[in-house]
Amino acid sequence: QGTILSSKYQFTSTKTKNGTVAEEQVNVTISSRAIKELQIQRYISGDALLLNIHITHHAGTTFCGKIGNLGPRPKFACMGGDNWPQNVSNEHSWSYKETATMVQQIRPYFHMVSWEYQKCGNLHDTNWEYENLVSVIVMRHPLDRLQSRNTCDNTFNKADPDNITAGVWWN
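Residues numbered from 1 in each chain as written. Predicted model: local features only at pLDDT ≥ 70, side-chain atom pairs only at ≥ 80, totals over all residues. Heavy atoms only, no water.

**Notes on the packing of aromatic side chains**
Point 1. Under the criterion given, the structure shown has four aromatic pairs.
Point 2. Look at tyrosine 109 and phenylalanine 110: their rings are 6.4 Å apart centre to centre, the planes differ by 50 degrees, and that puts the pair in the tilted class.
Point 3. Looking at tyrosine 109, the relative accessible area reads 35%, which means it is partly exposed.
Point 4. Seen in terms of ring centroids, tryptophan 115 and tryptophan 128 are 6.1 Å apart; in terms of plane orientation they differ by 65 degrees. Their pairing is edge-to-face. Within this pair, whereas tryptophan 115 is found in strand β4 (residues 112-117), its partner tryptophan 128 is found in the loop between β4 and β5 (133-137), the two being separated by 13 residues in sequence. (Phe/Tyr/Trp six-rings, centres within 6.5 Å; stacked < 30°, edge-to-face > 60°. Buried < 20%, exposed > 50% of the residue type's maximum accessible area, 1.4 Å probe, protein only. Helix = DSSP H or I, 4+ residues; strand = E, 2+ residues; numbered from the N terminus.)

Structure follows, in structure tokens:
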């Protein structure tokens, strides 16, 4: 099964005891599996946002077409378009503190959005454990990606697939 990672959370709870109010610090450790299950349940119940990390030529547009059509989504490859609400930022990546706010602003309009990274992007700061955010990343096999549209100036796609040479593959 592998190692189960966990996160530690600290909550402040207010208790009433004999007419007095006391605050108590409660430390809770939640496994990463439990966090993922909670996120998925929140998505199924209509509260969470599905965020696809779209790496160019890794089938993110296809994923958007199939999954995105299950509910409202941005028109252009789930990333933007003329139906993006003018009062909501379309900037990404989000900081840890911005994550909840951005999800709360976007979710009433869309059930799914995508962030595209053609070369690199900063994914370090986003709160991936936020209960109302489900993240997805689609990864293609490297040879499938090589054969995808516009890869390597379409060198592969211009060649006769029956006569592929090492030079075509390595250029």
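**What about the side chain of asparagine 52?**
Point 1. In this fold, asparagine 52 is placed in strand β3 (residues 49-55).
Point 2. A distance of 3.3 Å separates the side chain of asparagine 52 from the side chain of serine 114, its partner in a polar contact.
Point 3. Ignoring anything within four residues of it in the chain, the contact list for asparagine 52 reads Gly60, Phe63, Met112, Val113, Ser114, Trp115, Val136, Ile137 and Val138. (Polar contact = N/O pair within 3.5 Å; in protein donor to acceptor, adjacent residues only side chain to side chain. Contact = heavy atoms within 4.5 Å.)

**Remarks on the nonpolar core**
Point 1. With 15 residues, the main nonpolar core has Trp94, Ile106 and Val113 as its most contacted residues.
Point 2. Among the elements of the structure, β3, α3 (96-106) and β4 are those that each provide at least two residues to this core.
Point 3. Residues within four places of isoleucine 106 in sequence aside, it is in contact with Leu49, Trp84, Val88, Trp94 and Val113.
Point 4. In terms of nonpolar packing, the next biggest core, distinct from the first, is built from seven residues, Ala48, Leu50, Phe63 and Cys78 among them. (Core = buried A, V, L, I, M, F, W, Y, C linked by side-chain atoms within 4.5 Å.)

**Side note on the sheet that holds β4**
Point 1. The sheet built from three strands is open, its strands ordered β4-β3-β5 with parallel pairing. Looking at which strands have only one partner, the edges of the open sheet turn out to be β4 and β5. Sheet twist, expressed as the average angle between the axes of neighbouring strands with direction ignored, equals 25 degrees.
Point 2. With five bridges joining them, β3 and β5 adopt parallel strand pairing. Bridge assignment links isoleucine 53 to a residue of β5, and that residue is isoleucine 137.
Point 3. Lying on the sheet, helix α2 (residues 60-67) is in contact with β3, β4 and β5; it crosses β3 at an angle near 155 degrees. (Pairing = 2+ DSSP bridges. Axes fitted to C-alpha atoms, helices over the stretch in contact; angles between N-to-C directions.)

**Side note on helix α1 (residues 32-44)**
Point 1. Its 13 residues place the ends of α1 18 Å apart at the C-alpha level, agreeing with the 18 Å of an ideal helix rising 1.5 Å per residue.
Point 2. For α1, every residue scored as buried is listed here: Ser32, Ile35 and Gln39. Looking straight down α1, one finds its buried side chains confined to an arc of 55 degrees; they lie on one side. (Expected span 1.5 Å × (residues − 1). Arc of directions from axis to C-beta.)

**Focus: the pairing of β4**
Point 1. Of all six residues in β4, five are buried; the element is thus mostly enclosed.
Point 2. For β3 and β4, the ladder comprises six bridges, and the chain directions are parallel. Residue pairing across strands places asparagine 52 opposite serine 114, the latter belonging to β4.

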